[in-house]
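Descriptive structure summary
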Amino acid sequence: MIDSSLLAKEITAPFQRIENGTDVQNTEVIAMDGGGTKTLLLRVRRDATIADCRKAGGSNPFNVPEWRSVISGLMVGQQERLASAAFGLAGFGESARISMELSETVSVLCPAPHSIHNDVDMACRGAFLNGPGILLLSGTGSMGWGLGTNGQTVRVGGWGSLFGDEGSAYWIGRMALIRLAHCLDGRETAGNDYVSRIAFLQGWPDDKALCTAALQDWYASLDDVRPKVAALAVGIGRLAEQGCVVAREIFEQAAALLAAHVHALRRSLGEPHLRWSYAGGTMQSVVLREALIRECGVPQPPGLPPIGGAVLVAAERAGWSVDATFVARLAESLKAARLV
């Protein structure tokens with residue numbers, strides 16, 4: 001577990017545009033949510049309506065070499081009339097070098113007052129509207145983030161695919177492939193149904209010899225392993241919901257590993273009943289959520305999606321009134337933009 005109380009950077013230098021000798025009121029904020037597979041930028045007005053929405057590929061410096069161009073591309077033309085900005089970026093606070101590189105990059109692109117947080121920190125702030133709670137993320141990777149009633153923040157997990165990301169979409173996809181390989185070579189003797197179901201999902205023949213060849217060909221053709229393996233989790237989740245024994249076992253094991261994040265955060269924060277919520281595409285699985293409820297209790301539905309947390313932080317930095325009316329309008333705006 002890592003104490004994340006210092007894993008946020010704030011830039012407070014004033015920024016204001018002068019036009020024809022007259023101060024121009026800065027009336028908009030920027031929020032960015034940058035993860036492993038996608039990056040989202042929103043420009044939001046004082047009335048919580050969306051002025052601009054831009055999307056791009058992943059920007060996690062740990063596995064996206066072109067992360068700078070992703071962030072800079074989204075920031076083109078965003079500096080005018082800007083009151084403040086908040087960035088939730090994967091990798092921030094997890095490596096001193098990467099955190100510095102992210103900070104330097106953002107400072108060049110955004111001269112307005114801004115803050116940088118880990119993307120899961122922002123997701124937690126969105127889920128609980130800046131209140132205490134535990135956010136359990138399972139997307140391409142996995143991580144737990146806790147905000148205690150005393151303001152302490154703690155991170156659990158998020159170690160990456162080499163020795164972490166348990167219960168994530170990548171982990172589920174990898175386990176699905178391992179179980180398939182065991183069924184194909186005879187280490188699992190009751191897996192014919194699983195082989196045929198996976199073969200159907202992938203468009204492969206269900207004959208074991210032919211399926212083995214198709215699996216090897218698929219493996220040899222992979223050019224971006226992590227997201228493509230993670231993408232398998234959606235189909236495996238459907239198989240689990242349809243009663244496939246192997247798929248259900250994988251998702252129940254994933255739930256146990258994810259629940260360990262919640263338990264560890266509650267222990268670390270000294271709050272054994274601290275409420276929890278969730279984010280990430282893997283959490284759409286009914287089987288996964290039901291297993292997590294048995295382990296951790298009923299979750300609180302997220303108040304806002306991860307990008308909403310960044311909007312709240314940016315709006316507060318701009319000195320706006322972030323009250324229930326603002327939050328409700330923001331939720332409506334995000335829903336209208338199909339971001340919820």
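Everything here concerns the structure above.
Owing to the predicted nature of the structure, the values given are computational and were not obtained by experimental measurement.

This brings us to the pairing of strand E8 (residues 82–89). Along any regular strand, the residues point their side chains to alternate faces of the sheet. For E8, the buried fraction is high: eight of the eight residues fall into the buried class. In this structure, E8 lies alongside strand E9 (residues 114–118), joined through five bridges in parallel fashion. Its bridge partner being in E9, phenylalanine 87 is matched across the sheet by isoleucine 116. Regarding the hand of the β-α-β motif, the stretch spanning E8, helix H2 (residues 96–109) and E9 is right-handed.

One pair of aromatic rings is described through two measures. These are the centre distance and the angle between the planes. Here the structure, examined in full by the defined rule, presents four aromatic pairs. Here the aromatic rings of tryptophan 159 and phenylalanine 163 are separated by 6.2 Å at their centres, their planes lie at 35°, and the arrangement is tilted. Residue class for phenylalanine 163 comes out exposed when judged on its relative accessible area of 56%. The positively charged end of arginine 155 is found above the aromatic ring belonging to tryptophan 159, 5.2 Å away from the centroid.

With that settled, consider the pattern of salt bridges. All chains considered together, the criterion is met by 11 salt bridges. Two residues, aspartate 52 and arginine 54, come together in a salt bridge whose shortest N-O distance is 2.9 Å. Overall, arginine 54 belongs to the partly exposed group, its relative accessible area being 25%. The partner of glutamate 101 in a salt bridge is arginine 68, and the shortest N-O contact between them spans 3.4 Å. You can see glutamate 101 sitting in helix H2 and its partner arginine 68 sitting in helix H1 (residues 67–75), a full 33 residues away along the chain.

Another point: helix H4 (residues 169–185). The end-to-end C-alpha distance of H4 is 24 Å, a good match for the 24 Å that 17 residues give at a rise of 1.5 Å each. Counted residue by residue, H4 has 12 buried out of 17 residues, so it is predominantly covered. Every buried residue of H4 is listed here: Ala169, Tyr170, Trp171, Ile172, Gly173, Met175, Ala176, Leu177, Arg179, Leu180, Cys183 and Leu184. Backbone geometry just downstream of H4 places glycine 186 in the positive-phi region, at approximately 95°.

This part is about the side chain of histidine 261. With respect to the element layout, histidine 261 can be found in helix H9 (residues 245–269). Since its relative accessible area comes to 5%, histidine 261 is described here as buried. Contact partners of histidine 261, with chain neighbours within four places excluded, come to Leu136, Ser142, Met143, Gly144, Val156, Gly157 and Glu166.

Taken together, the side chains of Trp159, Leu162 and Phe163 present a nonpolar region at the surface, about 410 Å² in accessible area. In this fold, phenylalanine 163 is placed in the loop between strand E12 (153–157) and H4.

Turning our eyes to something else, we now look at unusual backbone geometry. Backbone geometry at arginine 81 places phi at a positive 50°, although glycine is not the residue there. Mapping arginine 81 onto the fold places it in the loop between H1 and E8. We note that asparagine 130 has phi near 70°; this positive angle belongs to a residue other than glycine. Mapped onto the elements of the fold, asparagine 130 is located in the loop between helix H3 (119–127) and strand E10 (133–138).

The next point concerns the packing of helix H8 (residues 232–241) against H9. Contact geometry for H8 and H9: axes closest at 7 Å, N-to-C directions at 110°. Compared by their axis directions, H8 and H9 come out roughly perpendicular. In terms of crossing hand, the pair formed by H8 and H9 is left-handed. When H8 is examined against H9, the residues Ala233, Ile236, Gly237, Leu239 and Ala240 are found in contact with a partner set consisting of Ala247, Arg248 and Phe251. Counted by class, the contact of H8 with H9 contains six nonpolar, one polar and one charged residues.

About the criteria used
Residues numbered from 1 in each chain as written. Predicted model: local features only at pLDDT ≥ 70, side-chain atom pairs only at ≥ 80, totals over all residues. Heavy atoms only, no water. Buried < 20%, exposed > 50% of the residue type's maximum accessible area, 1.4 Å probe, protein only. Helix = DSSP H or I, 4+ residues; strand = E, 2+ residues; numbered from the N terminus. Pairing = 2+ DSSP bridges. Right-handed = clockwise from strand over helix to strand, strands pointing away. Phe/Tyr/Trp six-rings, centres within 6.5 Å; stacked < 30°, edge-to-face > 60°. Lys NZ or Arg CZ within 6 Å of the ring centre and 35° of its normal. Salt bridge = Lys/Arg side-chain N within 4 Å of Asp/Glu carboxyl O. Expected span 1.5 Å × (residues − 1). Contact = heavy atoms within 4.5 Å. Patch = residues over 30% accessible without salt bridge, like charges linked within 9 Å, V, L, I, M, F, W, Y side chains within 5 Å. Areas by Shrake-Rupley, 256 points an atom, 1.4 Å probe, with all protein chains shown as cover. Axes fitted to C-alpha atoms, helices over the stretch in contact; angles between N-to-C directions. Parallel < 35°, antiparallel > 145°, perpendicular 65-115°, else oblique. Left-handed = near helix turned anticlockwise from the far one by under 90°. Nonpolar A, V, L, I, M, F, W, Y, C, P; charged D, E, K, R; others polar.

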